[in-house]
Amino acid sequence: MRHQSYQRAIITGASSGLGEEFAYQLAPYVDELILIARRRDHLTIVGESSRRINPALQVSCLPGDLTDPSFMIPLIHMLTGLPSARTLLINNAGMGDYGEFSTADWDKIESMIVLNIFTLTKLCHSLIPTLETAGGGIINISSLASALPIPDFAVYAASKAYVLSLSEALRLELKEKNINVLAVCPGPVHTEFGQIARRPGFTGDMMPGKQMFDTSRERVVSEALSAMAKNKSRVYPGGPIKWSHILLSLLPAPVIRWVMGRRPRRSLPQT
């Protein structure tokens, strides 16, 4: 088996996109999947499909809003009270908002910060003691955007920079305990993310020319699990994204700011 041996996988944002694909690719290799997402109907479908891949698989579907304390608090109690097992925590849930910061709906910004930063941090903090006892690892979904100040995507990019920095620091803290922490930094992926990030009335491309960088969710997850098995610190799935990361790492900050300041932007309706 090319993946590390985990008994349990906990996946947030598991009802679609990368979270759904993580469930399918891990189903043959784990004993238990715990799937967490808002949409009960979609989550149920993913759970049933995972069981078809591995009939012996134990699947728990936990529908709820990770930005809602009334869901998060009992969820944490439940997860920390599970029987001891080698666990892979996959913090995949996230959201974006495309448009100028000054015209953004504050409630959406707040939800994005809570989901992308607070929830991920809380789950890591709560479950690391379990990982220290039974073994396991953490996959945090960051983004190529973590390396860039992106006009019209300011809070999202900043939140992913936090995820990358936290992941790197936790990896160093947990290295001696044989707990790997991997940051996955994809570019554009074929998921529902773009539909949710768009504001009402906007129909253009959030990233002009993104077709050149699009990566399938199957490849993103496959490369993430392969990188985890090889104990890597981060992965940039897909050839164009790998080369983009290399180029960005060579450019000085003033050049990156100059380029991003001249990035094509779309006219957005006022909110």
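Scoring rules and cut-offs
Residues numbered from 1 in each chain as written. Predicted model: local features only at pLDDT ≥ 70, side-chain atom pairs only at ≥ 80, totals over all residues. Heavy atoms only, no water. Salt bridge = Lys/Arg side-chain N within 4 Å of Asp/Glu carboxyl O. Helix = DSSP H or I, 4+ residues; strand = E, 2+ residues; numbered from the N terminus. Buried < 20%, exposed > 50% of the residue type's maximum accessible area, 1.4 Å probe, protein only. Polar contact = N/O pair within 3.5 Å; in protein donor to acceptor, adjacent residues only side chain to side chain. Pairing = 2+ DSSP bridges. Right-handed = clockwise from strand over helix to strand, strands pointing away. Contact = heavy atoms within 4.5 Å. Axes fitted to C-alpha atoms, helices over the stretch in contact; angles between N-to-C directions. Parallel < 35°, antiparallel > 145°, perpendicular 65-115°, else oblique. Left-handed = near helix turned anticlockwise from the far one by under 90°. Nonpolar A, V, L, I, M, F, W, Y, C, P; charged D, E, K, R; others polar. Expected span 1.5 Å × (residues − 1). Core = buried A, V, L, I, M, F, W, Y, C linked by side-chain atoms within 4.5 Å.

Some words on the pattern of salt bridges
By the definition in use, this model includes 7 salt bridges. Ionic pairing is found between Glu 32 and Arg 8, a salt bridge with its closest N-O pair at 2.9 Å. Taken together, the residues Glu 32 in strand E2 (residues 32-37) and Arg 8 in strand E1 (residues 8-12) connect sequence positions 24 residues apart. A residue is classified by how much of its surface remains accessible, and Arg 8, at 4% relative accessible area, is buried. Residues Glu 132 and Lys 177 are paired through a salt bridge, measuring 2.8 Å at the closest nitrogen-oxygen approach. Taken as a pair, Glu 132 in helix H4 (residues 106-134) and Lys 177 in the loop between helix H5 (154-174) and strand E6 (180-184) lie far apart in primary sequence, 45 residues in all. One continuous salt-bridge network, built from bridges that share partners, spans Glu 20, Glu 21 and Arg 217.

Some details on the side chain of Thr 103
Mapped onto the fold, Thr 103 is located in the loop between strand E4 (87-91) and H4. We classify Thr 103 as buried; its relative accessible area is 17%. Within polar-contact distance, the side chain of Thr 103 engages the backbone oxygen of Glu 100 at 3.2 Å.

Quick notes on the pairing of E2
Extensive coverage of E2 is indicated by the burial of 6 of its 6 residues. Of the two faces of E2, the one lined by Glu 32, Ile 34 and Ile 36 and the one lined by Leu 33, Leu 35 and Ala 37 are each fully buried. Sheet analysis places E1 next to E2, joined by 5 bridges and oriented parallel. If you follow Ile 11 over to E2, its bridge partner there is Leu 35. As for the winding sense of the linkage, the β-α-β connection from E1 through helix H1 (residues 17-26) to E2 is right-handed.

Section: the sheet that holds strand E5 (residues 136-141)
Pairing within the open sheet is parallel, and its 7 strands lie in the order E3-E2-E1-E4-E5-E6-E7. The open sheet has two edge strands with one neighbour each: strand E3 (58-63) and strand E7 (234-235). Across 4 bridges, the pairing between E1 and E4 is parallel. Bridge pairing in E4 places Arg 8 opposite Thr 87. The strands touched by helix H2 (residues 40-53) are E2 and E3; relative to E3, the strand with the most contacts, the crossing angle is about 170°.

A look at the side chain of Asn 180
Its location among the elements puts Asn 180 in strand E6. Engagement of the side chain of Asn 180 in a polar contact is seen with the backbone oxygen of Lys 232, the distance being 3.2 Å. For Asn 180, the residues in contact, after removing those within four places along its chain, are Gly 136, Gly 137, Ile 138, Arg 171, Met 228, Asn 231 and Lys 232.

Notes on the packing of H1 against helix H7 (residues 217-229)
The geometry of a pair of packed helices is captured by two quantities: the angle between their axes and the separation between those axes. In contact at an axis separation of 9 Å, H1 and H7 are set at 60° when each is read in the N-to-C sense. By the angle between their axes, H1 is oblique relative to H7. Handedness of the crossing formed by H1 with H7: right-handed. Of the residues in H7, those touching H1 at Gly 17, Leu 18, Glu 20, Glu 21, Phe 22, Tyr 24, Gln 25 and Leu 26 are Arg 217, Glu 218, Val 220, Val 221, Ser 222, Ala 224 and Leu 225. Here the residues of the contact of H1 with H7 sort into 8 nonpolar, 3 polar and 4 charged.

Description of H1
Of all 10 residues that make up H1, 10 are buried, and the element is covered over most of its length. Considered for burial, the residues of H1 that qualify are Gly 17, Leu 18, Gly 19, Glu 20, Glu 21, Phe 22, Ala 23, Tyr 24, Gln 25 and Leu 26. Each element contacted by the buried residues of H1 is listed here: E1, E2, H2, E4, E5 and H7.

Overview of H5
The end-to-end C-alpha separation of H5 is 30 Å, in line with the 30 Å expected for 21 residues at 1.5 Å each. Residues Val 155, Tyr 156, Ala 157, Ser 159, Lys 160, Val 163, Leu 164, Leu 166, Ser 167, Leu 170, Arg 171 and Leu 174 constitute the buried set of H5.

A few points about the nonpolar core
Of all hydrophobic cores here, the largest spans 39 residues; its most connected members are Ile 36, Leu 66, Leu 75 and Leu 79. Listing elements by their share of this core, those giving two or more residues are E2, helix H3 (69-80), H4 and H5. Per element, the largest residue contribution to this core is 9 residues, and it comes from H4. Among residues more than four places away in sequence, those in contact with Ile 36 are Ile 10, Ile 11, Thr 12, Gly 13, Ala 14, Leu 43, Leu 62, Leu 66, Phe 71, Leu 75 and Leu 79. Within the second largest apolar cluster, 32 residues are counted, among which are Val 46, Ile 141, Ala 227 and Val 235.

Any link to function would need more than the numbers given here.
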